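Residues per chain are reported as follows:
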Amino acid sequence: MQGEADRQRELLDVEALAGHLLVPGSVFAFLAQHRLELFPPSMFVDLFPSGRGRPSIPPEVIASVLVLQSLYGHSDREAVDALTFDLRWKAACGYAVDGAGFHPTALTVWRKRLAASESPQRIFEAVREVITTTGALTGRARRALDSTVLDDAVARQDTITQLIASIRRVGRDVPGATALVTERCTRLAALTGGDYSATGKPRIAWDDEAAREELVTALVDDALALLAALDAAHHDEHGAPDGLVLLSEAGGKPAEAVTLLALVAGQDVEPAEGSDGTDGRWRIARKTVPDRMISTVDPDARHAHKTRERRQDGFKAHVVVEPDTGLMTMVKLTRTNGTDNSDASVGADLVTTDPTITGTPNAPVQVLGDSAYASGPMLATLDAQKWTPVLKPWPLRPAVEDGFTLDDFTHDPAAGTLTCPAGTTRAISPKGKVTFGAACTHCPLRARCTTAARGRKVTLGEHHQLQRQHRQRAVEPDFQAIYRQHRPMVERSIAWLTTGARRVPYRGVAKNDAWLHHRAAGLNLRRLLNLGLTQRHGTWAIA
């Protein structure tokens, strides 16, 4: 059942005794006075539908601790220690001087209940509702999009470590698989004398390429033999045509372990030199697959390339920021790769579902962002909303250095034609392809246009005209002035988000997305206080 705090202060209540020592305008001082208004118990009643059992910790206390924890980068144990020994935390949560904190696992229980609820981000949404009530965003029709890469909480694993860890996990999580590992996975022991009971890397001559390939072959063949044995075992037990399919459909830890093993056994290896893939000889692949899993400990973590020079492993945090106040109105954490996780795709979803945007025909919404957001689908999304994109356009690269770009060709969307700089016009195919072919043979501008023997070929994307028009707007002085004026606050918001929190504290997208929302809630609350957040006659306002 849901707990309830004693509304009558204790004799040694910290806020009553030393509340005057709290820094005015700090998050601690605000929560000490207003945590009940910000996080009323009614906001969490659905998490405890039963009236039976021991009362839980008062919800306003847990919500306050979650916000402070993410704001100051504490682990569960560190947060509870702060609640027990730090007078500021005690005052913020309504504790007495001699009040003891709760067990750290209570935070885990609350996070799980929040994640399983219909409103998992209610703490972030509660702070956003305060933003709306204050009117801090009234009349502000600009939103800026940005993202940053956050480091994962685990170490990257190489192919050898992943294969061994995956086989060990199957033996641990799949019922009856321990015997199958002992019976079928014998190649590692035959090669090195060790088995899968050890966690470290096998002892081989690591500077010998042939020895490394023999080890990879043994591990991959063991993994494939184990998968085949599991398939046969579940086929015999349940009479299914495909035992692994049946195991996967059952879900849970066994399905996750088998799926992980199948992925690891295929993502980083290829047939050895001279092998056709049927003789059981393997080696580490000479290329990296696009969606490579980098650790069996956190299967959601991925390689990230924010720039060519800066490479990280982890997740990507996407934010929507109001650029005058620096308040974050929408946030989301995703994997770092994949079309659905691109800046433009996630940014379009976030900004179009932002409940704080109230644009009018006289003041249309402006969406700011760097070139990562200037994709064709993103421009089409904004155009459908009648919003104005202030997005740094993608640079055009000419086919010949210092030669003509696509914008030097005249596009007539009504006629469905494209005219080259020399004046030759060609029809655009249904797939957006244009071939100038023989017209390029004696063209005096050929050297500045193409080096292809068969002449210039052009492919126009689905949203080519929108992108062309956007590039034309981007050179206007007003566009440049707006972008330069409002970009710095967005960078500052990203700096606030990542300072002391560049590494996520949990494993997986879901848990870290919840953490990101709690951190954004704390940062928004701190920013509101800096802007003069107060309460007048029971209503939130900016002084």
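The residue count restarts for each chain, going from 1 along the sequence in the order it is written. pLDDT decides what is reported in this predicted model: residues at 70 or higher carry local features, side-chain atom pairs at 80 or more are listed and counted, and totals for whole chains, interfaces and linings draw on all residues regardless. In computing side-chain properties, one takes all heavy atoms of the structure into account and sets aside hydrogens as well as water.

Undergrad: Help me get a handle on the environment of Tyr 196, residues and values and all.
TA: In DSSP terms, a helix is any run of H or I states spanning at least four residues, a strand is any run of E spanning at least two, and both are numbered starting from the N terminus. Here Tyr 196 lies in the loop between α10 (187-192) and α11 (209-238). Between the C-alpha atoms of Tyr 196 and Cys 185, which are eleven residues apart in sequence, the distance is 8.4 Å. It only takes one pair of heavy atoms within 4.5 Å for two residues to be counted as in contact. If sequence neighbours within four positions are ignored, Tyr 196 has contacts with Ile 164, Ile 167, Arg 168, Val 181, Cys 185, Leu 188, Leu 219 and Asp 222. A polar contact is formed between the side chain of Tyr 196 and the side chain of Asp 222, at a distance of 2.7 Å. Polar contacts, as counted here, are pairs of nitrogen or oxygen atoms within 3.5 Å of one another; within protein the pair requires one atom able to donate a hydrogen and one able to accept it, and residues that are adjacent in sequence qualify only if both atoms are side-chain atoms.

Undergrad: Explain the sheet that holds strand β10 (residues 417-419) to me, using residue names and the numbers behind them.
TA: Taken in spatial order, the three strands line up as β9-β10-β11 in an open sheet, and their pairing is antiparallel. Each edge of the sheet is formed by a strand with only one pairing partner; in this case those strands are β9 (410-412) and β11 (425-427). Adjacent strand axes in the sheet meet at a mean angle of 20 degrees when their direction is disregarded. Only when DSSP finds a minimum of two bridges between them are two strands counted as paired. With axes taken as lines fitted to C-alpha atoms, and helix axes fitted only over the stretch in contact, angles between N-to-C directions fall between 0 and 180 degrees.

Undergrad: Now, about the confidence of the model for the chain: what can you tell me, with residues and values included?
TA: The pLDDT value expresses, per residue, how confident the predictor is, ranging between 0 and 100. The predicted model of the chain has a mean per-residue pLDDT of 89, with 93% of residues at 70 or higher. Mean pLDDT values for the elements of the chain range from 60 in helix α12 (residues 243-250) up to 97 in strand β6 (residues 327-334).

Undergrad: Go over the pairing of strand β1 (residues 142-151) with me, naming the residues and quoting the values.
TA: Looking along a regular strand, one sees side chains alternate from face to face of the sheet. Using a 1.4 Å probe on the protein chains alone, a residue whose accessible area is under 20% of its type maximum counts as buried, one over 50% counts as exposed, and one in between counts as partly exposed. Within β1, nine of the ten residues are buried, which leaves the element mostly enclosed by the surrounding structure. Examined bridge by bridge, β1 and strand β7 (residues 366-369) share three bridges and lie parallel to one another. Residue Arg 143 lies in a different strand from β7, and its bridge partner there is Val 367. Where β1 and strand β5 (residues 311-322) come together, eight bridges link them in antiparallel fashion. For Leu 150, the partnering residue across the bridge sits in β5 and is Phe 315.

Undergrad: Before we move on, could you go through the packing of aromatic side chains and cite the residues and values that matter?
TA: Under the pairing criterion, centres of Phe, Tyr and Trp rings, with the six-membered ring standing for Trp, must be within 6.5 Å; the plane angle then separates stacked pairs below 30 degrees from edge-to-face pairs above 60, leaving the rest tilted. A complete count under the given rule lists six aromatic pairs for this structure. On the basis of an interplanar angle of 20 degrees and a centroid distance of 5.5 Å, the ring pair of Phe 28 and Tyr 72 is categorised as stacked. Here Tyr 72 lies in helix α3 (residues 59-72) and Phe 28 lies in helix α2 (residues 27-38), a separation of 44 residues in the sequence. Joined through ring pairs, the aromatic side chains of Phe 28, Tyr 72 and Trp 89 make up one cluster. Whether a charge lies above a ring is judged from NZ of Lys or CZ of Arg, which has to be within 6 Å of the ring centre and within 35 degrees of the ring normal. Residue placement shows Lys 201 over the ring face of Trp 206; its charged tip is 5.3 Å from the ring centre.

Undergrad: Talk me through the environment of Val 490; I want residue IDs and the actual numbers.
TA: Mapped onto the fold, Val 490 is located in helix α17 (residues 477-498). Taking C-alpha positions, Val 490 is 5.9 Å from Pro 323, a pair spaced 167 residues apart along the chain. Residues in contact with Val 490, not counting those within four places in the same chain, are Ala 144, Asp 146 and Pro 323.

Undergrad: Before we move on, can you summarise the pattern of salt bridges with the specific residues and values?
TA: A pairing counts as a salt bridge when a side-chain nitrogen of Lys or Arg comes within 4 Å of a carboxyl oxygen of Asp or Glu. In this structure the tally under the stated criterion is 21 salt bridges. Put simply, Asp 300 and Arg 335 hold a salt bridge, and the shortest N to O gap is 3.0 Å. Residue Asp 300 is located in the loop between β3 (282-284) and β4 (302-305), and its partner Arg 335 is located in the loop between β6 and α14 (343-352); the two are separated by 35 residues in the primary sequence. Among the residues examined, Arg 335 registers a relative accessible area of 26% and is labelled partly exposed.

Undergrad: Mind laying out a nonpolar patch on the surface, listing which residues take part and the relevant values?
TA: Residues enter patches when they are more than 30% accessible in relative terms and free of salt bridges; like-charged ones are connected within 9 Å and nonpolar ones (Val, Leu, Ile, Met, Phe, Trp, Tyr) within 5 Å. To measure how exposed things are, a 1.4 Å probe is used in the Shrake-Rupley method; for residues, cover is taken only from the protein chains shown. On the surface, a cluster of nonpolar side chains totalling about 320 Å² of accessible area is made up of Leu 12, Leu 17, Leu 87 and Val 97. Inspection of the secondary structure puts Leu 87 in helix α5 (residues 87-93).

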